[in-house]
Each structure stands twice: as structure tokens, then as C-alpha cells.
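Results of the structural survey
Okay, here's what each chain looks like letter by letter:
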Amino acid sequence: MQAAQSAEQTEHAGDCPRILVVDDDDALREIYVDALSGGGYDVRAASDGVAALSLMDAGWTPCVVFLDLRMPGMDGWELARRIRSDDRWRRTRIVVVAAHFQVDREAREIGASAWLQKPFDLSRLEHHARNLCHG
Amino acid sequence: MTTLDDAAVAADPLRGRLTAIFDSVADGVTVMDRAGRIVFANDTGARLLGRERADELIGMTGAQLLGEWEILDDAGEPLPADRMPTRRALAGETEPEETVRFRRRGSADDRWSLVRARLLNGGSPEDDLVVTAFQDITSLKRSESRLQFLSEASAILGEAVDYQQTLRRVAEIAVPDLADWCVVDVLEWTRGITRVAVAHADQAKVAATQELWQRWPSDPARSGAVYEMTQRRGPLLVDPVTPEMLRAQAQDAEHLAFLESLDIRSVLVVPLEARGEVLGAFTLVQSESGRRFGRGDVEVAAELGRRAGAAIDVARLVWETHENARLRDEFIAVASHDMRTPLAAIRGYAQLAGRHVERSETPDREQLQRWLSDVDASVDRLAHLVSELLDATLVRADQSVPLHLEEVKLSAVAGEVLERHRPLSDRHSLVLLAPKDEPTGHWDASRVARVLDNIVGNAVKFSPDGGEVVVRVGYDGARASVEVSDQGIGIAASEREKIFNPMYRGGNAEHVAGTGLGLAGSRRLVELMGGTIQVESRIGHGSTFTVWLPLAPAGDEEAAGP
């Protein structure tokens, strides 16, 4: 675990840690990006699984994905499954950010590192970003 | 005309008259000698033994008759020859009696007789005769078996938990006592007609009808057992089934050959009915047994249909109660989910603004203003959700919805709805068409928007390959209309009315659940404003939903609610 994380740091040496935000809600994407940008991250946003996947496929590998579950097109469950089954993204962590009633259970099932239930305090977003990218 | 011996009759008019008397009695009578040869039979006896005239029997032996007939006891077990009353009388038993069930070898057309025999002592064994009387009790036995069937079926139907399984069991016990085939079709308001059961003693034949049904399906809106029953609302007896009827039914030559191979002789269809509504049909068929349906069968089958209908009705009510509870739970879960999103935005903007003020010496007033107006917009979204939720709840509970009628231009409402949908799909082009001289009407703008939102949302969802969604505003004298056309997958004719059923769940069931109105709620809201919703569709070409609203505020009183 420790070794994997230091390898990731080396990979991103010289760059800011990359964070990907995936949510179909325009307002929430804007808020997440705003809240994280001040922390020295390279933050990008995608409105569904397809857009997120095409960004990552192009070689932009984030250290953490803040992921909504219910989205039109490719939803969060499917995107998580694709990330987890591809070796290129073995170091990418997922934080489920959803309005679900049982978000903790969903997060466990898709192998996420953490979860946040909407509405949440923005400091929680930064806390997870810091923990998972700088571990 | 039957004789012991023609010459003897001619010589003895008394014997001739005796013969005539025997011919007129209702029971079949045969007389045998000790060698087992028939020396006399009356006409009824001849008919019971499958002969047209009694003299065809004279000289035949009991053993020859046994070769033609299978003889069973009342329970259907083979009856040993020494239990036959004729043999027992010869063995010295006084007036033996037995209920005998018999059928021609290879046939399933069972008949019953109460058989009595009596030895006429001739003084010497070679002059002894045995008189055997057959009382035909077939119709009595059949009524008995029908009553027994009804009572067994009622017991099964009384357990009605899973009504489909129950109907399968009823079909199984109907065969072979009542019919050679039994088919049960049920009209489901969610999925059209379901063939719940096909029963036949021979499993290979069951497979054959399944094939028949799949290869040559009938259009449930125009033909088939259930259609017939909804039209006629009573039993249908087709007896006998003629080759012309099969030809009229057949869709092609192969279909005809298939139908002919089934050897259908007689068909009886009865409705499954409850509270005046046809819920399905029982189809009973007589084929290879050679039996035919009679009035007694019609009565029993009709009664069965009523009892089965009641059982289905009860099972559905139970199911609906559970389903309603489940939908309500799902509704609450989805509602809380949907409201959390704007709440998260409100909190997010407020926190961004708070931090900004905290961290900057000179806060950026414009930025703060933007965040505040974003909070405002999110509150709007939340308020919209809450009132939508309230509408959906009232409509589901069939309660009146307070309307806010105001002067509205439909193109303005439709335009806003399309703007909301535009960012959600880049595969669809959303087009609004409206006449220049479009009149205004008095409607509840937010409700009209909600209805259109629903219909446009469906148009997008059910045209997964994209294409145009055209919203056309129009009017024709007293009414205004909004027509929403898509180029999507279309809706089957059999589904077109069902989509407006509150319990309807489309193919895409997980998305049907929600806090939205659904089409049922949309139709109800439109009706509250004095209008209607219609749908036209072609499979593979798309659907058009048209909302009609009255231009004159005629429906105000009823629309305004209590």
C-alpha cells in the first residue's frame, strides 16, 4: 500500500495531483472544482461516465475520482467497474459522492476508498483529496 | 326390429309383441346362453354396444365383445371378467349388479352403465339363459364428475396466492375428465395476454400448441379467446368444429395443416370474469377422444370461469396492495435522493461564499453576488421538486389538485420545457413549432409545464438513437393542442392505453420509479384542466402524444377542486 502510493507520487512528480469530478449536475461540478482548485490540484470535471472514461483513456490518470452514481448515459456503477477492471488505473482511488440512502453500502460494493452523502461539508471533499493523493 | 328368431315370431305373435316391448324400454337388454352367445338384444342394448341394429349382435359371443371394448370398474381400473354380472349370474349369484365403465378400445370416450343380470333357469344347463340389463348412467356420471371437478377446482382456487400457478393446476385437473385440452389465457394490464396454462394428457401435444401459438399468434385486439370473451361476455360453444371453420381460421397452408393435425372436434370458451370485467379465458377442446361438449359442460365451465375470475381478482388486489406499498417506499427513497442534490448545491455555494469572505481581505462582491444567485436558483429547483412531489402524491392518491389558472401561451411553456431538456441530450434536436396567431388560454402554467416535461422526457428516453423531437403548438376552434413527436421505438397497439395506467411499468422499469407524475398523473392533471391526452404510434417509427386543452375556461369549477 505504502509502496504503491509513493510510486504514484513519483509518476506525478512535477505535476499537481490530478482529481476528476464526475457528476451530471452542473452546479455541483462547478462547486467541487471551485472548492478543490485552491488546494493545489489539477481538477477536471465530467458530466457522465463516458466523458470521464474518454479523458482517462487519453492518458489523464487521476489519483482520485469523486464519483456520482445515478447519471444518465454511463452511470457511476459502470464507470467504477471499468476503472477497477483496468490495470492502467489500479492506483486511482474512488470516492463515491451520492445522494443515496445507502451510499456506504454502494461504496463498499464498488470498491471505493470513501464515500460522501449529499449534502456534505466541502471540507470533507478536501480531506479525502488530501488523504488519497498525498496519503 | 329385433327378433329371437324371425320364423318363431311369425309363428308366435306374442313373442313378436314381447320383442316390441323390449325395444321400447329405456334400458339395454341382452340375453345370452351358457356358451356366452347372444341370442337376443333390444335396440337400446345394440346402441350401447355400438351397433345400429340389434340383429347385428345375435350370435356374437361375450369374448368377441370384450375384444372391442375395454371394460373398467367405476374407478377406472380394468374389471376382471368374473366380476361382470352376466358371469356372476351364471355362477349362481342372485341378481348381481355392477357399475361398469367402458370405452371402445383406443378411444377416451368413456360411458357408464349400471349392469344387472338374472339367470333364467331352463331346466337343463344348455337351456339356461342370462338376461343382462344395462342402464345408461353416462350423463349422470358426467354431471357427477363435473361437480367433483368444480369442487376440486374451487379448493385449489381458494388457495389463490400465486394465481398463475393456481390456474395451471385447475387446467391440469380439467384434463382429461372434462376435456382433452385446456388452455388458460389471462389479460394482464401490464403485459397484454399471457398464456398461463396449456394442459393435455400428452406432453408432446402441449409443446405442439405452444408452437402453434408462437408461430401463428393472433392479434389480441382483433381475435383470440380473450378478445372473443370481451366481445361476447359469455360462453362460446363451437360444436362441431368443421373443416371450413379451420380453413377460415388458418393464416396459411402450413397453419391449416397444423390445425387439422390437432383433430379438433368441439371447442368451448368461457370468460374468466370478476366484477363485470373479463380477466381472461378458459378454452376447452375435445379432440382425439371423440367427445363433444354438451349443455352440462357449458354450465360447469362458465361456473369455473366465474370462480377462477374471483380468485384472480383477489390475488390481484393483494398484489396491488403490496405493490402500492413498495412503490410508496421507492417514491420516498427517490424523493429524498432528488432533493439532496439541490441541497448539496445550496450548501456548497454558501460554503464557497463563506470561505471566500473568510480568506480574502477584500471579498470580490461580484463573485459573492454570483454565488448568492446560484443559491437562489438551487432553492428554486428544490421548491419545484417539492411541488412536483406534492402533485404526484395528490394525483396518486386520487385527490384533487388546487390549480392556479392564469393566461398562458402554450408555446412559451413548451419553449421553457425544451430549454431544460436541451442540455441533457446532444443526440436529439428539439424543435418547437407554433402558429403566429397562437391564442392564449387559461391554464395552470406550472402543471402544463410538468406534463410537457414528462412527455418530452419520455420522447428523449424512448428514442435512444436520437433524432428529432418536434413540439407543435396548434388550435382548432375550441381547443388548443401541443403535439410531441419523436422518432423513437414506438409503442405497441396493445400497450397504448396501458401506459396511462398508474401501475404501468415500462420495459425500462428502474427509471419508471421516481417522483415524477408519470403518464397516469399527467393525464389526470390535464383532465383537471378540462383537457385530454392522446397517443398515436408506429413501432420503429416513433410516437406522438397530443395534449388537448380547452380554450374557454369551461372546466374551471371542477378544475378548481374543493
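Nothing here was measured: the structure is a model prediction, and the numbers come from that model.

**Some remarks on the overall build of chain A**
Helix and strand counts for chain A come out as six helices and five strands. Shown N-terminal to C-terminal, the secondary structure of chain A runs as helices and strands in the order α-β-α-β-α-β-α-β-α-β-α. By residue count, 42% of the 135 residues in chain A fall in the buried class. Put simply, of all contacts in chain A between residues at least 6 apart along the chain, 63% involve residues at least 24 apart.

**Here we look at the sheet that holds strand β4 (residues 93–98) of chain A**
Residue and element names in this part refer to chain A. Taken together, five strands build an open sheet; the order of strands is β2-β1-β3-β4-β5 and the sheet is parallel. The sheet is open, and its two borders are formed by β2 (42–46) and β5 (114–117), each paired with just one other strand. Put simply, the sheet's adjacent strands are angled 20° from each other on average, direction ignored.

**With respect to the environment of Ser 378 of chain B**
Residue and element names in this part refer to chain B. Among the structural elements, Ser 378 can be located in helix α13 (residues 365–396). Since 23 C-beta atoms lie within 10 Å of it, Ser 378 is described here as buried. As a C-alpha pair, Ser 378 and Ala 345 span 33 residues in sequence and 6.6 Å in three-dimensional space.

**Digging into the nonpolar core**
Val 22, Val 64, Phe 66, Leu 67, Val 95 and Val 96 of chain A are the most contacted members of the largest nonpolar core, which totals 47 residues. In terms of residue count, helix α2 (residues 26–37) of chain A provides more of this core than any other element does, six residues in total. One finds Leu 187, Ile 193, Val 269 and Leu 304 of chain B within the second-largest nonpolar core, a separate group that totals 44 residues.

**Brief notes about the confidence of the model for chain B**
Low-confidence regions, as indicated by low pLDDT, have predicted coordinates that should not be scrutinised in detail. All names here are of chain B. Chain-level pLDDT for chain B is 84 on average; 92% of the residues reach the 70-or-more range. The secondary-structure element of chain B with the lowest mean pLDDT is helix α16 (residues 509–512), recorded at 38, while strand β16 (residues 479–485) shows the highest, at 95. Confidence drops under pLDDT 50 across residues 507–513; counting only partners more than four residues distant or on other chains, this segment forms four contacts. Counting interchain partners and residues more than four positions distant, the pLDDT-below-50 stretch residues 554–562 has 14 contacts. Scored as a whole, the predicted complex attains pTM 0.55, and scored at its interfaces, ipTM 0.86.

**Some points on the packing of α2 of chain A against helix α12 (residues 295–359) of chain B**
At their nearest, the axes of α2 of chain A and α12 of chain B sit 9 Å apart, and the two run at 35° to each other. Like other packed secondary-structure pairs, α2 of chain A and α12 of chain B cross with a definite hand, here left-handed. Of the residues in α12 of chain B, those in contact with Ala 27, Leu 28, Ile 31, Asp 34 and Ala 35 of chain A of α2 of chain A are Thr 341, Ala 344, Ala 345, Gly 348, Tyr 349 and Leu 352 of chain B. Counted by class, the contact of α2 of chain A with α12 of chain B contains eight nonpolar, two polar and one charged residues.

**Overview of the packing of α2 of chain A against helix α6 (residues 122–134) of chain A**
All names here are of chain A. At a closest axis distance of 10 Å, the pairing of α2 and α6 adopts a crossing angle of 60°. Taken together, the axis directions place α2 and α6 in an arrangement best described as oblique. In terms of crossing hand, the pair formed by α2 and α6 is right-handed. Counting all contacts with α2, which are made through Tyr 32, Ala 35 and Leu 36, the residues of α6 involved are Leu 122, Leu 125, Glu 126 and Ala 129. Of the residues belonging to the contact of α2 with α6, the class tally is six nonpolar, no polar and one charged.

**Some points on the interface of chain A and chain B**
On the chain B side, the residues contacting the 15 residues of chain A number 16 residues. Top contributing element to the side of chain A that touches chain B by residue count: α2 of chain A, with five residues. Grouping the constituent residues of the side of chain A that touches chain B by class yields 10 nonpolar, one polar and four charged.

**A closer look at unusual backbone geometry**
All names here are of chain B. Put simply, Val 175 and Pro 176 share a cis peptide bond, and its omega is 0°. Counting through the fold element by element, Pro 176 comes out in the loop between α7 (163–174) and β7 (181–188). Cis geometry marks the peptide bond from Asp 239 to Pro 240; its omega dihedral reads -5°. Looking at the element boundaries, Pro 240 is found in the loop between β9 (236–238) and α10 (243–249). You will see that Arg 233, though not glycine, has its phi angle at about 55°, which is positive. Examined against the element boundaries, Arg 233 turns out to sit in the loop between α9 (225–232) and β9. Classification of Arg 233 as exposed rests on a count of 12 C-beta atoms within 10 Å.

**A word on the pairing of strand β11 (residues 277–286) of chain B**
All names here are of chain B. Across the 10 residues that make up β11, a large majority, nine, are buried. Pairing geometry for β7 and β11, over six bridges, is antiparallel. If you follow Trp 181 over to β11, its bridge partner there is Val 285. In this structure, strand β10 (residues 266–274) lies alongside β11, joined through nine bridges in antiparallel fashion. Looking across to β11, one finds that Pro 271 is bridged to Ala 281.

**Comments concerning the confidence of the model for chain A**
With 88% of its residues at a pLDDT of 70 or more, chain A has an overall mean of 87. For the stretch residues 1–13 of chain A, pLDDT sits under 50, and the model shows five contacts to residues farther than four places along the chain or on other chains.

**Considerations on the sheet that holds strand β15 (residues 467–476) of chain B**
All names here are of chain B. On the basis of which strands lie adjacent, the open sheet formed by five strands has the order β13-β15-β16-β18-β17 and mixed pairing. Every other strand in the sheet has two partners, leaving β13 (428–433) and β17 (532–538) as the edge strands with one partner each. Averaged over neighbouring strand pairs, the angle between their axes works out to 15° when direction is ignored. Note that β13 and β15 share six bridges and pair parallel. Each residue of the ladder has a partner; that of Leu 432, found in β15, is Val 471. Along the sheet, helix α14 (residues 410–421) makes contact with β13, β15 and β16, crossing β13 at roughly 170°.

Conventions used here
- Residues numbered from 1 in each chain as written.
- Chains lettered and ligands numbered in written order.
- Predicted model: local features only at pLDDT ≥ 70, side-chain atom pairs only at ≥ 80, totals over all residues.
- Helix = DSSP H or I, 4+ residues; strand = E, 2+ residues; numbered from the N terminus.
- Buried ≥ 20, exposed ≤ 12 C-beta atoms within 10 Å, placed from the backbone.
- Contact = placed C-beta atoms within 7 Å.
- Pairing = 2+ DSSP bridges.
- Axes fitted to C-alpha atoms, helices over the stretch in contact; angles between N-to-C directions.
- Core = buried A, V, L, I, M, F, W, Y, C linked by C-beta atoms within 7 Å.
- pLDDT = per-residue confidence, 0-100.
- Left-handed = near helix turned anticlockwise from the far one by under 90°.
- Nonpolar A, V, L, I, M, F, W, Y, C, P; charged D, E, K, R; others polar.
- Parallel < 35°, antiparallel > 145°, perpendicular 65-115°, else oblique.

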